[in-house]
Amino acid sequence: MIETRRRALVQNVLNADLPVAVRGRGVWLQDDAGRRYFDACSGAVVSALGHAHPRIVAAIADQAARLTFVHRGAFAPEPTLRLAERLTALTGYAAAWLVGSGSEAVEAAMQFALQYHRETGRPERQWFLSHRRGYHGNTLGGLSLSGHGRRAVVGDLAYAFAELEAPATRRDPSPAAERLHTDQLLAGARAALERNRDRIAAIVVEPVGGATLGATVPPDGYLPGLRSLADEFGALLVFDEVLSGMGRTGRVLAADHWGVRADLVALGKGLGAGYASIAGVLLDAPVLDAIAAGSGRIAGGHTYGGNPLAAATALAVLDVMEQERLVERAERTGAVLRLLLDRLAAAHPVVAEVRGIGMLQAVELELDPGAAPGVTAARFAENARAAGAIVYVATGGFLDAVLVAPPLVTTEAELQVLVGMLESALTTFESTVPSRGIQDRSRSEGGSGPDPARGLDIA
Ligand SMILES: Cc1ncc(COP(=O)(O)O)c(C=O)c1O
């Protein structure tokens with residue numbers, strides 16, 4: 001018998017009985033039954049300014065009354081010009097290309113890398129290297145870079161690019177172990193570059209792990225080492241900062257923590273902060289100059305890319321970030337969040353690790369050997385929801401972690417409320433853990449790992 005679908009809306013899990021969201025204010029969301037939820041992960045690490053920020057609401061109304069759309073083939077929209085100037089001034093990159101989503105931004109960065117090599121006489125450089133367990137979006141290009149379980153959906157249509165090991169979770173933090181880990185990661189990257197000599201257009205990585213890697217922070221030498229390797233082998237370096245950028249980690253770009261510049265940077269999520277669907281690519285001068293000296297044209301583009309309404313909204317987001325000093329605040333508040341989560345971990349042995357940077361933290365749970373990766377975290381997320389907090393379950397089917405990444409505007413008092421909810425969720429969770437026990441798992445992702453096709457995709 002065919003089951004009747006409850007909603008006309010196609011949802012990821014078709015019959016999921018998700019609450020109906022009707023309103024948001026600050027860190028709180030409300031459903032149609034009047035129930036409140038703490039938005040503990042800013043949606044999907046998006047709503048950096050919380051909900052219904054009055055300055056953003058006013059800016060949207062103002063721009064909507066002026067001009068919402070012109071095509072970029074006919075006009076350079078005034079707010080879009082200003083946004084590009086603000087982004088380049090903020091980051092030091094030479095120019096910005098604007099699109100509508102993180103996936104489009106990653107796809108555009110890939111195309112810029114290919115174009116750069118074509119226009120500088122190396123058209124054979126058409127392949128990419130990326131972390132085996134990273135996430136770079138839901139398009140064919142992005143999925144080809146990602147090890148996400150969603151790859152299974154497109155089967156062989158995703159390119160089988162060579163893969164790099166990402167920094168491991170649950171590491172030994174001693175300096176000697178970190179150095180050894182860095183050396184191992186970079187040796188792997190060097191070997192992949194040697195095997196694919198003169199074919200790699202770019203190395204594409206998330207500077208700090210996001211949706212699939214659950215806030216994994218790289219060892220200090222890793223990103224500088226990748227930069228050197230990219231230079232040595234003539235490949236570009238692309239940072240996918242769709243999730244980690246725009247102040248989330250306590251720096252404008254996460255890679256700023258290590259002082260490393262990429263050739264191309266993908267931005268998204270926090271750029272529109274949930275108020276507009278806007279994303280972009282920052283281009284460093286050598287890439288821009290090569291294209292300018294070559295064809296002088298960008299062949300790509302999307303109809304809504306950089307539209308005036310979205311650009312004015314992102315400009316207002318930048319204004320608020322500046323006025324409320326949200327990047328600095330993310331570092332400070334993130335340290336408090338970390339302290340509170342560490343205390344929780346100390347009191348609840350089911351927490352395997354708390355990790356992250358700034359306002360991008362993750363709580364990883366001990367693996368239930370009877371369950372596929374992701375199931376335990378999803379169960380905990382249900383407990384958190386029942387306690388009033390929405391957390392983001394790491395996707396891809398690699399680990400049992402939830403992201404705790406509240407809006408950057410969250411106050412310390414609000415953090416206390418949130419951590420109280422997580423504490424209550426952990427207590428409920430522990431009371432239902434199968435007694436045969438949760439056990440330790442591989443400390444590195446270097447092992448054989450789960451089959452991505454088994455991955456849950458519930459976020
Ligand atoms: C690092 C990273 N890149 C790209 C994307 C894709 O962005 P979007 O979902 O806006 O297309 C995501 C989304 O989670 C992401 O985390």
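What you are looking at is a predicted structure, and each value in this text was computed from that prediction instead of being measured.

Moving on, we come to the sheet that holds strand 5 (residues 127-131). Strand order across the open sheet formed by seven strands is 4-10-9-8-7-5-6, with mixed pairing between neighbours. In the strand order of this sheet, the two ends are held by strand 4 (95-99) and strand 6 (163-164), each with one partner. Examined bridge by bridge, strand 5 and strand 7 (residues 200-205) share four bridges and lie parallel to one another. Across the sheet, the residue bridging to phenylalanine 128 is alanine 202, located in strand 7. Each of strand 4, strand 5, strand 7, strand 8 (236-240), strand 9 (264-267) and strand 10 (279-283) touches helix 4 (residues 102-119); the most contacted strand, strand 10, lies at about 25 degrees to it. In the packing of helix 8 (residues 222-233) onto the sheet, contacts are made with strand 5, strand 6, strand 7 and strand 8, and the angle to strand 8 comes to roughly 145 degrees.

To continue, consider the domain arrangement of the protein. The parts lose accessible area when they come together, and the size of an interface is often stated as this lost area. Segmentation of the protein into domains returns domain 1 (21-52 + 325-454) and domain 2 (55-323). On the side of domain 2, 45 residues touch domain 1, which itself brings 50 residues to the contact. The interface formed by domain 1 and domain 2 includes two salt bridges. Across the salt bridge formed by arginine 170 and glutamate 366, the nearest N and O atoms sit 3.4 Å from each other.

One open sheet accounts for four strands, arranged 1-2-3-13; its pairing is mixed. Pairing within the sheet leaves two strands with one partner each, and these edge strands are strand 1 (21-25) and strand 13 (389-390). The strands that helix 13 (residues 412-431) touches are strand 2 (28-31), strand 3 (36-39) and strand 13; relative to strand 3, the one it contacts most, it runs at about 105 degrees.

This brings us to the packing of helix 2 (residues 54-66) against helix 10 (residues 308-323). Two elements in contact, helix 2 and helix 10, have axes whose closest approach is 9 Å; the angle formed by their N-to-C orientations is 150 degrees. As judged from the angle between their axes, helix 2 and helix 10 are roughly antiparallel. Helix 10 is crossed by helix 2, and the crossing has right-handed handedness. Contact residues: Arg55, Ile56, Ala59, Ile60, Gln63 and Ala64 in helix 2; Pro308, Leu309, Ala312, Thr313, Ala316, Val317, Val320 and Gln323 in helix 10.

The subject of this paragraph is the pairing of strand 11 (residues 351-357). Regular strands place side chains that alternate from one sheet face to the opposite one. Taking burial as the measure, the seven residues of strand 11 include six buried ones, the bulk of the element. Across six bridges, strand 11 lies against strand 12 (residues 360-365) in antiparallel orientation. Paired with valine 351 across the two strands is leucine 365, which belongs to strand 12. Linking two consecutive strands that pair antiparallel, namely strand 11 and strand 12, is a turn of two residues; a positive phi of about 60 degrees is found at glycine 358 within it.

With that settled, consider the nonpolar core. Counting residues in hydrophobic clusters, the biggest one holds 103 residues, and the most contacted among them are Leu49, Leu83, Leu87, Ile203, Leu226 and Leu422. Per-element tally for this core: the top contributor is helix 10, with nine residues. When residues of this core are assigned to domains, at least three fall in each of domain 1 (21-52 + 325-454) and domain 2 (55-323). Sequence-distant contacts of leucine 49, that is, excluding residues within four places in its chain, are made with Ile56, Ala273, Tyr275, Val317, Val320, Met321, Leu326, Pro407 and Val409. Within the second largest apolar cluster, 27 residues are counted, among which are Val106, Val204, Val281 and Val287.

Taken together, Ser101, Gly102, Ser103, Tyr135, His136, Gly137, Glu206, Asp240, Val242, Leu243 and Lys269 form the complete shell of residues around the ligand. Measuring from an oxygen atom of the ligand, one finds a backbone N or O atom of glycine 102 at 2.9 Å. In the environment of the ligand, an oxygen atom lies 2.5 Å from a nitrogen or oxygen atom belonging to the side chain of serine 103. In the complex, 83% of the free accessible area of the ligand, which totals 390 Å², lies under the protein chains. Here the residues of the shell around the ligand are counted per class, giving three nonpolar, five polar and three charged.

A full pass over the atoms with the stated rule returns 19 salt bridges. Two residues, arginine 227 and aspartate 263, come together in a salt bridge whose shortest N-O distance is 2.9 Å. With a gap of 36 residues between them, arginine 227 in helix 8 and aspartate 263 in the loop between strand 8 and strand 9 connect regions that are remote in the sequence. One salt bridge connects glutamate 364 with arginine 355, and the closest N-O pair in it is separated by 2.6 Å. Overall, glutamate 364 belongs to the buried group, its relative accessible area being 1%. Judged by its relative accessible area of 7%, arginine 355 falls in the buried class.

Our focus in this paragraph is the packing of aromatic side chains. Two aromatic rings, taken as a pair, are described by how far apart their centres are and by the angle between their planes. A complete count under the given rule lists eight aromatic pairs for this structure. Here the aromatic rings of tryptophan 28 and phenylalanine 38 are separated by 5.1 Å at their centres, their planes lie at 65 degrees, and the arrangement is edge-to-face. Here the residue tryptophan 28 occupies a position in strand 2, and phenylalanine 38 occupies one in strand 3, the gap between them amounting to ten residues. Neither tryptophan 28 nor phenylalanine 38 differs from the other in exposure class; each is buried. On the basis of an interplanar angle of 85 degrees and a centroid distance of 6.2 Å, the ring pair of tryptophan 127 and tyrosine 159 is categorised as edge-to-face. With tryptophan 127 in strand 5 and tyrosine 159 in the loop between helix 6 (151-154) and strand 6, this pair connects stretches of sequence that are 32 residues apart. Accessibility expressed as a relative area gives 27% for tryptophan 127, which makes it partly exposed. Each residue in the set Trp127, Phe128, Tyr159 and Phe161 is aromatic and connected to the rest through ring pairs, giving one cluster. When the ring centre of tryptophan 28 is taken as origin, the NZ or CZ atom of arginine 36, which lies over that ring, is 3.8 Å away. Taking the ring centre of tyrosine 93 as reference, the NZ or CZ of arginine 261 above it sits at 4.4 Å.

About the cut-offs
Residues numbered from 1 in each chain as written. Predicted model: local features only at pLDDT ≥ 70, side-chain atom pairs only at ≥ 80, totals over all residues. Heavy atoms only, no water. Pairing = 2+ DSSP bridges. Helix = DSSP H or I, 4+ residues; strand = E, 2+ residues; numbered from the N terminus. Contact = heavy atoms within 4.5 Å. Axes fitted to C-alpha atoms, helices over the stretch in contact; angles between N-to-C directions. Domains from an automatic or database assignment. Salt bridge = Lys/Arg side-chain N within 4 Å of Asp/Glu carboxyl O. Parallel < 35°, antiparallel > 145°, perpendicular 65-115°, else oblique. Left-handed = near helix turned anticlockwise from the far one by under 90°. Buried < 20%, exposed > 50% of the residue type's maximum accessible area, 1.4 Å probe, protein only. Core = buried A, V, L, I, M, F, W, Y, C linked by side-chain atoms within 4.5 Å. Near = heavy atom within 4 Å. Polar contact = N/O pair within 3.5 Å; in protein donor to acceptor, adjacent residues only side chain to side chain. Areas by Shrake-Rupley, 256 points an atom, 1.4 Å probe, with all protein chains shown as cover. Nonpolar A, V, L, I, M, F, W, Y, C, P; charged D, E, K, R; others polar. Phe/Tyr/Trp six-rings, centres within 6.5 Å; stacked < 30°, edge-to-face > 60°. Lys NZ or Arg CZ within 6 Å of the ring centre and 35° of its normal.

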